[in-house]
Amino acid sequence: MNRRNFLKTSALGLAFAAAPISLSAADSPTRSTGRSGRLNLSFEPYELKLKHAFNLARSQRTTTPDVQVQIEYDGVIGYGEASMPPYLGENVESVCKFLNSLDLGQFADPFRMEDIHDYLDNVAPNNRAAKASVDIALHDLTGKIMGQPWYKIWGLDPAKAPNTSYTISYDSDPVEMQNKIDECAPFKVIKIKMGLDHDKEITEAFRAKFDTPICVDANQGWTDKEKALDMCHWLAERNCLFVEQPMPKEMFEETAWLRERSPLPIIADEYLQRITDVKRASEAYDGINIKLMKSTGLHEAYKMATLARALGMKVMLGCMTETSCAVTAAAQLSPLVDWADLDGNLLIANDRFDGIKIVDGKVTIPDRPGIGVELLG
Ligand code: MG
């Protein structure tokens, strides 16, 4: 989609017209010199349609609100994305409001990541997905200017990218449940969403078909520490690798109690957002799940992985339901981590990018500069 169509298709196009964001550089006389020297931000809401209803411990949904972002600089376009699952507290309106409030035109150099991130944090607190969308687009842009993918810029070996887990959740319709299980065939690790009333049932239904290792995400659904410990023992006997966010994030002491006794590593997800949360998390969890929509993007995600390692923690890299844009950006970091859960693009029916591939269950990073994506169509 060219820039004109990108703006035309914006559901909130009129509202954006009033934005302080400069959208004019591509048409300006300086464009012809190839040196407009300004960062030009544009964006549009884009609702993600899920292939299957997503059943979590505390909610169910069939769509995810999302905003697609572009940053243009000297004729080069970087792509970014904000995905907003409801539990994170952001929505299309809040993301557009944040992006509209930015003046990225003040930055003449897209490589000034530290300064730009300081600026984003000074504009408003929180807004992590909105900040991530800018961060991802900047990484795409700067990687393209350098002509290199980010895994290479960071000095990582793409052959060390881990297998990705593929996520399934319980479905009360037995046919639909079986369909979900059948879709697991190509994957080497399966993540099962738990914390509902059917945790053992779904595990046994899966085990009846596959002996693939599983990991479990309880999504804060277990509220009794003794029962949580029983489940950890039960799962350890069923080839489970780890348990993610077994109890509500507020139950910190209980989680520390569980970690002391659990035969399986306990990983923090909802408990932790940004780098300032990592040290405290190390007191109750064995590892952290880093997601770009929580960490404000790749810049801080890289630092979080480094800090977690220094604290002796396991590192997992996850995602939301997202297009291949944000998932492929996360994949650039994947050679750094123990476990990857990068299937968010596979769970949606209307991806607009080509990017990350899962080959024989393994994260495969495209050989393209930037974050490694190409716009489809
Ligand atoms: Mg999780």
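The structure displayed is predicted, hence computed values, not measured ones.

Parameters at a glance
Residues numbered from 1 in each chain as written. Predicted model: local features only at pLDDT ≥ 70, side-chain atom pairs only at ≥ 80, totals over all residues. Heavy atoms only, no water. Donors = N, O, S within 2.8 Å, 3.2 Å for Na, K, Ca; no water. Helix = DSSP H or I, 4+ residues; strand = E, 2+ residues; numbered from the N terminus. Buried < 20%, exposed > 50% of the residue type's maximum accessible area, 1.4 Å probe, protein only. Axes fitted to C-alpha atoms, helices over the stretch in contact; angles between N-to-C directions. Parallel < 35°, antiparallel > 145°, perpendicular 65-115°, else oblique. Left-handed = near helix turned anticlockwise from the far one by under 90°. Contact = heavy atoms within 4.5 Å. Nonpolar A, V, L, I, M, F, W, Y, C, P; charged D, E, K, R; others polar. Phe/Tyr/Trp six-rings, centres within 6.5 Å; stacked < 30°, edge-to-face > 60°. Lys NZ or Arg CZ within 6 Å of the ring centre and 35° of its normal.

Enquirer: Residue-level account of the coordination of the magnesium ion, with values.
Expert: In this structure, D217 (OD), E244 (OE) and D269 (OD) serve as the protein donors to the magnesium ion, at separations of 2.1 to 2.2 Å. Going along the chain, you hit the donors of the magnesium ion in the pattern D-x26-E-x24-D. Linking D217 in strand β8 (residues 214–217) with D269 in the loop between β10 (266–268) and α11 (278–281), this pair joins segments that are 52 residues apart in sequence. You'll find D217 and D269 in the same group, each marked buried.

Enquirer: So what's going on with the packing of helix α3 (residues 92–100) against helix α5 (residues 128–146)? Which residues, and what values?
Expert: Two elements in contact, α3 and α5, have axes separated by 9 Å at closest approach and are oriented at 55°. By the criterion of interaxial angle, the relationship of α3 to α5 is oblique. The handedness of the crossing between α3 and α5 comes out as right-handed. Across the interface between the two elements, V95, F98 and L99 of α3 pack against A130, K131, S133 and V134 of α5. Looking at side-chain class alone, the contact of α3 with α5 contains five nonpolar, one polar and one charged residues.

Enquirer: Just give me the short version of the packing of aromatic side chains, but keep the residues and values in it.
Expert: Enumeration according to the criterion identifies nine aromatic pairs in this entry. Ring geometry for Y79 and F353: centres 5.2 Å apart, planes at 65°, overall edge-to-face. Here the residue Y79 occupies a position in strand β5 (residues 76–83), and F353 occupies one in strand β14 (residues 353–354), the gap between them amounting to 274 residues. For the residue pair Y79 and F353, the accessibility class agrees, reading buried in each case. Residues W154 and Y302 carry aromatic rings whose centres are separated by 5.3 Å and whose planes lie at 20° to one another, so their mutual orientation is stacked. With a gap of 148 residues between them, W154 in the loop between α6 (150–153) and β6 (165–168) and Y302 in helix α13 (residues 298–310) connect regions that are remote in the sequence. For W154, a relative accessible area of 15% translates into the label buried. Three or more aromatic residues link up through ring pairs in this structure, and these residues are W150, W154 and Y302. Here the basic side chain of R280 rests over the ring of F252, its NZ or CZ set 3.8 Å away from the ring centre.

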